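# Reading the structure
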Amino acid sequence: AQTVTQSQPEMSVQEAETVTLSCTYDTSESDYYLFWYKQPPSRQMILVIRQEAYKQQNATENRFSVNFQKAAKSFSLKISDSQLGDAAMYFCAYRSEDFGNEKLTFGTGTRLTIIP
Amino acid sequence: DTGVSQDPRHKITKRGQNVTFRCDPISEHNRLYWYRQTLGQGPEFLTYFQNEAQLEKSRLLSDRFSAERPKGSFSTLEIQRTEQGDSAMYLCASSPKPTGTDTQYFGPGTRLTVL
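What you see is a predicted model, and the numbers here were worked out from it, not measured in a lab.

Glancing now at the nonpolar core. Ranked by size, the top nonpolar core spans 25 residues in total, and within it A:Tyr25, A:Trp36, A:Phe75, A:Leu77 and A:Tyr90 carry the most contacts. Only strand S3 (19-21), strand S5 (32-39), strand S6 (46-52), strand S8 (64-69), strand S9 (74-79), strand S10 (88-96) and strand S12 (110-115) of chain A provide two or more residues apiece to this core. The contacts of A:Leu77, once residues within four sequence positions are left out, are A:Val19, A:Thr20, A:Leu21, A:Trp36, A:Val48, A:Ile49, A:Phe64, A:Ser65, A:Val66 and A:Tyr90. Core analysis: the next-biggest nonpolar cluster, separate from the first, contains 19 residues, B:Cys23, B:Leu46, B:Leu77 and B:Val114 among them.

Rendered as structure tokens:
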């Protein structure tokens, strides 16, 4: 079974600064997908960024980028130019590439606070 | 464009009562997923559907839990004889197709409190 570990329960960053959230995972599969989801307080979860394991190039979405290290099974999220609206719980998630095994396996989350 | 909707948003019930939650996925999404999220934890997978077929059930889904998606559109999750340990946020998600990095779009959740 796959597991996802987020070792930082809480992080804080000054507005406009850069912060990196850590995620490691364990799997015996070679093909899979990784995701970062954001869950603002009392609001629904939304996708921030996703990465296919077969791609060596790190995914980027505007101010959000990942550092994907397949051999190390590490998938960190970097948020540049942090904004107040970035305050939320961030969850790292894993999904198998196997058809029919589509569930997301989530980590325990990192609560990000933005300091004005 | 309407997203995933869930009803009710909050439910308070007494131990031993039955409760039913509804999820309406994004139109034409054939995949529908149920997750449970307890305080301080990430969501945990419960079950999912392709159209009306229930393809996988987690061992977390005890025999008190049942989910249906009768016409391949909305889904219901029923919990019978609720226990205090069932208190959690129940999240529904949908996606358009099963392959690749298809995003699962989440609803706002139903928060269940069992007294």
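That covers the picture; the talk isn't over yet.
Attention shifts here to the packing of aromatic side chains. Tallying each qualifying case throughout the model produces 17 aromatic pairs over all chains. Relative to A:Phe106, the ring of A:Phe91 lies with its centre 6.2 Å away and its plane at 90 degrees, an arrangement referred to as edge-to-face. With a gap of 15 residues between them, A:Phe91 in strand S10 and A:Phe106 in strand S11 (residues 105-106) connect regions that are remote in the sequence. By the burial criterion, A:Phe91 is buried, and A:Phe106 matches it. Consider the rings of A:Phe106 and B:Tyr35, whose centres lie 5.8 Å apart with planes at 85 degrees: the pair is edge-to-face. Remark: B:Tyr35 occurs in strand S4 (residues 31-37) and A:Phe106 occurs in strand S11; the pair is interchain, linking two chains. When its relative accessible area of 0% is taken as the criterion, B:Tyr35 is described as buried. By way of ring pairs, the aromatic residues A:Phe35, A:Tyr37, A:Phe91, A:Phe106, B:Tyr33, B:Tyr35, B:Phe45, B:Tyr48 and B:Phe106 are connected into one cluster.

Below, the discussion takes up the interface of chain B and chain A. For interface size, the figure often reported is the accessible area lost on association. Each side of the interface is counted separately: chain B has 23 residues, and chain A has 20 residues. In total, about 1900 Å² of surface goes out of reach between chain B and chain A, with carbon and sulfur atoms giving 49% of it. Counting every contact that joins chain B to chain A gives two salt bridges. In this structure, the salt-bridge partner of A:Glu102 is B:Arg31, at a minimum N-O distance of 2.5 Å.

This part covers the side chain of A:Ser65. Looking at the secondary structure, you find A:Ser65 in strand S8. Aside from chain neighbours lying at most four places away, what touches A:Ser65 is A:Ile49, A:Ala59, A:Thr60, A:Ser76, A:Leu77 and A:Lys78.

In total, this model carries eight salt bridges over all chains according to the counting rule given. Among the ionic pairs, B:Glu56 bridges to A:Lys103, the shortest N-O distance being 3.1 Å. Residue B:Glu56 is located in strand S6 (residues 53-57), and its partner A:Lys103 is located in the loop between S10 and S11; the two belong to separate chains. Residues joined by salt bridges that share partners form a network here, namely B:Arg64, B:Glu83 and B:Asp86.

A word on the confidence of the model for chain B. Reading fine detail from the predicted coordinates is not recommended where pLDDT is low. The predicted model of chain B averages 92 in pLDDT, with 96% of residues at 70 or higher. Per-element confidence in chain B ranges from a low mean pLDDT of 90 for S6(B) to a high of 98 for strand S3 (residues 19-24) of chain B.

Our next topic: the side chain of B:Asp86. All names here are of chain B. Mapping aspartate 86 onto the fold places it in the loop between strand S8 (75-79) and strand S9 (88-95). A distance of 2.8 Å separates the side chain of aspartate 86 from the side chain of arginine 64, its partner in a polar contact. If we ignore the near neighbours within four places in the chain, the residues touching aspartate 86 are Arg36, Arg64, Phe65, Ile79, Leu112 and Val114.

Residues and elements named next belong to chain A. Bridge count for S5 against S6 is six bridges, and the pairing is antiparallel. Its bridge partner lying in S6, phenylalanine 35 is registered against arginine 50. Between the end of S5 and the start of S6, which pair antiparallel, lie six residues, with serine 42 showing a positive phi angle near 60 degrees.

The rules behind the values
- Residues numbered from 1 in each chain as written.
- Chains lettered and ligands numbered in written order.
- Predicted model: local features only at pLDDT ≥ 70, side-chain atom pairs only at ≥ 80, totals over all residues.
- Heavy atoms only, no water.
- Core = buried A, V, L, I, M, F, W, Y, C linked by side-chain atoms within 4.5 Å.
- Buried < 20%, exposed > 50% of the residue type's maximum accessible area, 1.4 Å probe, protein only.
- Helix = DSSP H or I, 4+ residues; strand = E, 2+ residues; numbered from the N terminus.
- Contact = heavy atoms within 4.5 Å.
- Phe/Tyr/Trp six-rings, centres within 6.5 Å; stacked < 30°, edge-to-face > 60°.
- Buried area = accessible area lost by both parts, 1.4 Å probe.
- Salt bridge = Lys/Arg side-chain N within 4 Å of Asp/Glu carboxyl O.
- pLDDT = per-residue confidence, 0-100.
- Polar contact = N/O pair within 3.5 Å; in protein donor to acceptor, adjacent residues only side chain to side chain.
- Pairing = 2+ DSSP bridges.

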